[in-house]
Amino acid sequence: MTISIVIPLLNEEESLQELHDWIASVMQSNHFLYEIIFIDDGSTDSSWKTISQLAAGNPTVKGIRFLKNFGKSQALHAGFKQAVGDIVITMDADLQDNPEEIPALIAMIKEQDYELVSGWKKKRYDHTLAKNIPSKLFNWAARKTSGVKLHDFNCGLKAFKKEVIKTIEVSGEMHRYIPVLAKNAGFYKIGEKVVQHQARKYGKTKFGADRFINGFLDLITIWFVSKFGKRPMHLFGALGVLMFIIGSCFALYLGIDKLFIHPSGRLLSQRPQFYVALTSMIIGTQFFLAGFLGEIMVRSRKSEPRYTISKEINLATRVQEYSS
């Protein structure tokens, strides 16, 4: 059984050599057939030079370099596309994910037949107010919205069966919700393992407080797409019908009242119900149009490249076994 380790990175030159050596040591001591795929997401430091040096000394190291920074989701997508392992491990390059956890994650996939196992950084070494508390709120909202019972959606250390990463489509900033994407694709055996969280040793975090705002917005997006992405008319059409019925009821009431009950009463334009009816019918029509446009877009959309690769290393090299 071969293992693919997919590592997206941005400006992590200080940690790459140490991370590589640590992973290689774990793989060799367990006699795993493996490959390490580094995806350089437009680094401006010497990260790519370091990856090139690592690949020159170890043919299991593969490298993909983006022309510019396209985001972690796009980096994972490129790595998933190239991965050949039966089990795929994702982890961050900042040494906060512990490679010693990899064998246990693999064992859960092999022995307990999980399709996806997500790490849970139960004890974190991040700032409490800036990261820990917002992360707990974010994970709570994700659990309630998605129905996936994980404590830590955003942990970079995860293990997948090959079928999962070849099926799901990671785009935008949806890397936070890979377990939700997997569930929506039909993979329900999702497990969780408490993993050791390392304090950052080099550099600084690449994510600010805005990632939590973006995360909540992405959560709304993925909820909508999972339920109505292929049938937008079911949502917008239903809202349009509801608003149109409300408007029609008010219009019918005003018509009957004016014609038969109070024909000499106030002008219709002087009554607030008239504007409620008019506004509701206009909004209902707009919802219908939004639904029709959404259906047209779903049926006519074409896949467009989401990133540009400038260089590659060892992608044609077969996975090899290294033992100590």
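(A) Looking closely at the pattern of salt bridges. Within this structure, the stated rule accounts for six salt bridges. The partner of Asp92 in a salt bridge is Lys72, with the nearest N and O atoms 2.9 Å apart. Residue Asp92 is located in the loop between strand 4 (87-90) and helix 4 (102-111), and its partner Lys72 is located in helix 3 (residues 72-82); the two are separated by 20 residues in the primary sequence. Neither Asp92 nor Lys72 differs from the other in exposure class; each is buried. Between Lys161 and Asp113 there is a salt bridge whose closest N-O contact spans 2.6 Å. Note that Lys161 is positioned in strand 6 (residues 158-161) and Asp113 in the loop between helix 4 and strand 5 (116-120), a separation of 48 residues in sequence. Asp113 gets classed as partly exposed once you look at its relative accessible area, which sits at 39%.

(B) Geometry of helix 4. All of the buried residues in helix 4 are Ile102, Leu105, Ile106, Met108 and Ile109. Summarising the axial view, the buried residues of helix 4 lie within an arc of 155°, below the 170-degree limit, and thus occupy one face. Structurally, helix 4 contributes buried residues whose contacts are with strand 1 (2-9), helix 1 (13-29), strand 4, strand 5, strand 6 and strand 7 (190-194). Just downstream of helix 4, Asp113 is the residue with a positive phi angle, here 60°.

(C) Representation of the pairing of strand 5 in the model. In terms of burial, strand 5 is a largely internal element, five of the five residues being buried. Of the two faces of strand 5, the one lined by Leu116, Ser118 and Trp120 and the one lined by Val117 and Gly119 are each fully buried. Pairing of strand 5 with strand 7, which is carried by five bridges, proceeds in the parallel orientation. When the bridges of strand 7 are listed, Val117 appears paired with Gly191.

(D) Representation of a nonpolar patch on the surface within the structure. Together, Leu252, Ile256, Leu259, Phe260 and Ile261 make up an exposed nonpolar region whose accessible area comes to about 570 Å². You can see Ile261 is positioned in helix 9 (residues 232-261). Its relative accessible area of 51% is what places Ile261 among the exposed residues.

(E) Layout of the side chain of Lys72. Its relative accessible area of 18% is what places Lys72 among the buried residues. Within the structure, Lys72 has its side chain in polar contact with the side chain of Asp92 (distance 2.9 Å).

(F) Expanded view of unusual backbone geometry. Positive phi, close to 55°, is recorded for Asn11, a residue that is not glycine. Along the chain, the position of Asn11 falls in the loop between strand 1 and helix 1. Given a relative accessible area of 24%, Asn11 falls into the partly exposed group. At Leu95, a residue that is not glycine, the phi angle is positive and equals roughly 70°.

(G) Seen up close, helix 2 (residues 47-57). All buried positions along helix 2 are accounted for by Ser47, Trp48, Thr50, Ile51, Leu54 and Ala55. Seen end-on, helix 2 carries its buried residues on one side only, within an arc spanning 155°. Those residues of helix 2 that are exposed and angled more than 90 degrees off the buried face are Lys49, Ala56 and Gly57. Buried residues along helix 2 sit against strand 1, helix 1, strand 2 (33-40), strand 3 (61-66) and strand 8 (309-313).

What counts and what doesn't
- Here the residue numbering is sequential within each chain, running from 1 through the sequence in written order.
- Two thresholds apply to this predicted model, a pLDDT of at least 70 for residue-level local features and 80 or more for giving and counting side-chain atom pairs, whereas whole-chain, interface and lining totals are computed over all residues.
- Each side-chain value is derived from all of the structure's non-hydrogen atoms; neither hydrogens nor water enter the calculation.
- In what follows, salt bridge is the name for a side-chain nitrogen of Lys or Arg lying within 4 Å of a carboxyl oxygen of Asp or Glu.
- Here a helix means four or more residues in a row that DSSP labels H or I, a strand means two or more in a row labelled E, and each is numbered from the N terminus.
- Relative accessibility thresholds used throughout: buried, under 20% of the residue-type maximum; exposed, over 50%; partly exposed, between the two (1.4 Å probe, protein chains only).
- Directions drawn from the helix axis to the C-beta atoms are what define this arc.
- Whether two residues touch is decided by their heavy atoms; if any such pair falls within 4.5 Å, the residues are in contact.
- Strands qualify as paired when DSSP identifies two bridges or more between them.
- Patch construction takes residues with relative accessible area above 30% that form no salt bridge. Like charges are linked within 9 Å, and nonpolar side chains (Val, Leu, Ile, Met, Phe, Trp, Tyr) are linked within 5 Å.
- The accessible surface values rely on the Shrake-Rupley method and a 1.4 Å probe; as for residues, cover is taken only from the protein chains in view.
- We call two N or O atoms a polar contact when they sit within 3.5 Å, provided that within protein one can donate a hydrogen and the other can accept it, with sequence-adjacent residues counted only if both atoms are side-chain atoms.

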